[in-house]
Amino acid sequence: MTTLSQLLNGHRSIRAFRPDPIDAELINSVCADAIAGGSSSGNLNSVSIIVTKDEARKERLYELHFKQDMVRQAPLVLTFCADWFRTREWLASRGARDNFNNLIGYHVAAFDAMIVAQNVCLGFEAHGLGICYMGTTLHSMGEIADFLELPETCVPVTTIVVGVPAEDPPKRDRLPLNAFIHHETYAPPNSAELDAIYRERDVAGLKRYTSNPHLKALAEEHGIENLAQFYTSKVKYDPDVFAVDSEKLRAVLERKRFIP
């Protein structure tokens, strides 16, 4: 039996899938276990999961997720939503005061949804399936919410694709443990410590990206000399795009009644 440590240390993001369908009973079983084992603020269960298997609907999600091929290839797409609509309807039906249509409500539901999402990922990986998180969910939050017909105070916060892997990528590195752990108070790294934390990442990360001829050409075109520059260039996480999409996200939270 795979131990939890083996499962966690064996994680890789899979972006190429075989077309093999995933049994509905397995989907329900994994989701049920994930919900049962996921901490929930107040046990209010402010999460909903939208299951997408229909090819035509996946095609639209493919467009909304910036045309990443893995959305087309994977037989299953799961969208995890921060959802207070159901709870607020229950409150109203019992004559209780309304709540959770506020910024704290959004954060609580978003974090609960992420806990369930990670449990779901572990569940599928324990059955030998591959998964990949779709960060594009936040950049297309409004469009995805409309496509999935999400009601007030219900928004998508993350998406995963699931399927039988059609690739065997190497395990990605992580920063050393001392980069994450702080004792009692936050300890900002000094210059030498920062260099030590990122020394291997600076070399291996840039090598991985520039081993792709297309990305290497883009890096040269934009005068990128190191990994840090790559990450905030127009090739990767463009700050100008993030500024625009952050405003779009704020507008969605306003439209969905999470912020005034």
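For the structure, see preceding data.
Computed from a predicted model, the values in this text were never measured in an experiment.

How each quantity is defined
Residues numbered from 1 in each chain as written. Predicted model: local features only at pLDDT ≥ 70, side-chain atom pairs only at ≥ 80, totals over all residues. Heavy atoms only, no water. Phe/Tyr/Trp six-rings, centres within 6.5 Å; stacked < 30°, edge-to-face > 60°. Helix = DSSP H or I, 4+ residues; strand = E, 2+ residues; numbered from the N terminus. Buried < 20%, exposed > 50% of the residue type's maximum accessible area, 1.4 Å probe, protein only. Salt bridge = Lys/Arg side-chain N within 4 Å of Asp/Glu carboxyl O.

Engineer: Quick question: what am I supposed to make of the packing of aromatic side chains here?
Structural biologist: To describe a pair of aromatic rings, you give the distance between the ring centres and the angle between the ring planes. Evaluated as defined, the whole model comprises 7 aromatic pairs. Considering the side-chain rings of Trp 84 and Phe 100, the 4.0 Å spacing of their centres and the 10 degrees angle between planes classify their relative orientation as stacked. Here Trp 84, found in the loop between β2 (76-83) and α5 (85-93), pairs with Phe 100, found in the loop between α5 and α6 (103-126); they are 16 residues apart in sequence, far enough to count as distant. With a relative accessible area of 1%, Trp 84 lands in the buried category. Ring-pair connections join several aromatic residues into one group, and the members of that group are Tyr 209, Phe 230, Tyr 231, Tyr 237 and Phe 242.

Engineer: Sorry if this is basic, but what is going on with the pattern of salt bridges here?
Structural biologist: It is possible for side chains of opposite charge to pair when their charged atoms get near one another. Applying the stated criterion across every chain yields a total of 16 salt bridges. For the salt bridge of Glu 152 with Arg 257, the shortest nitrogen-to-oxygen distance reads 3.2 Å. Of this pair, Glu 152 sits in the loop between α8 (141-147) and β4 (154-163) while Arg 257 sits in the segment after α12 (239-255); the two residues are 105 residues apart in sequence, bridging distant segments of the chain. Look at Glu 152 and you get partly exposed, because its relative accessible area is 30%. For Arg 257, a relative accessible area of 41% corresponds to the partly exposed category. Here Arg 250 ties to Glu 247 by a salt bridge, and the two come within 2.8 Å at their closest N and O atoms. In this pair, Arg 250 and Glu 247 both sit in helix α12, 3 residues apart, roughly one turn of the helix. Residue Glu 247 is classed as partly exposed on the basis of its relative accessible area, which comes to 43%. Linked through salt bridges whose partners overlap, the residues forming this network are Arg 88, Asp 98, Glu 152 and Arg 257.

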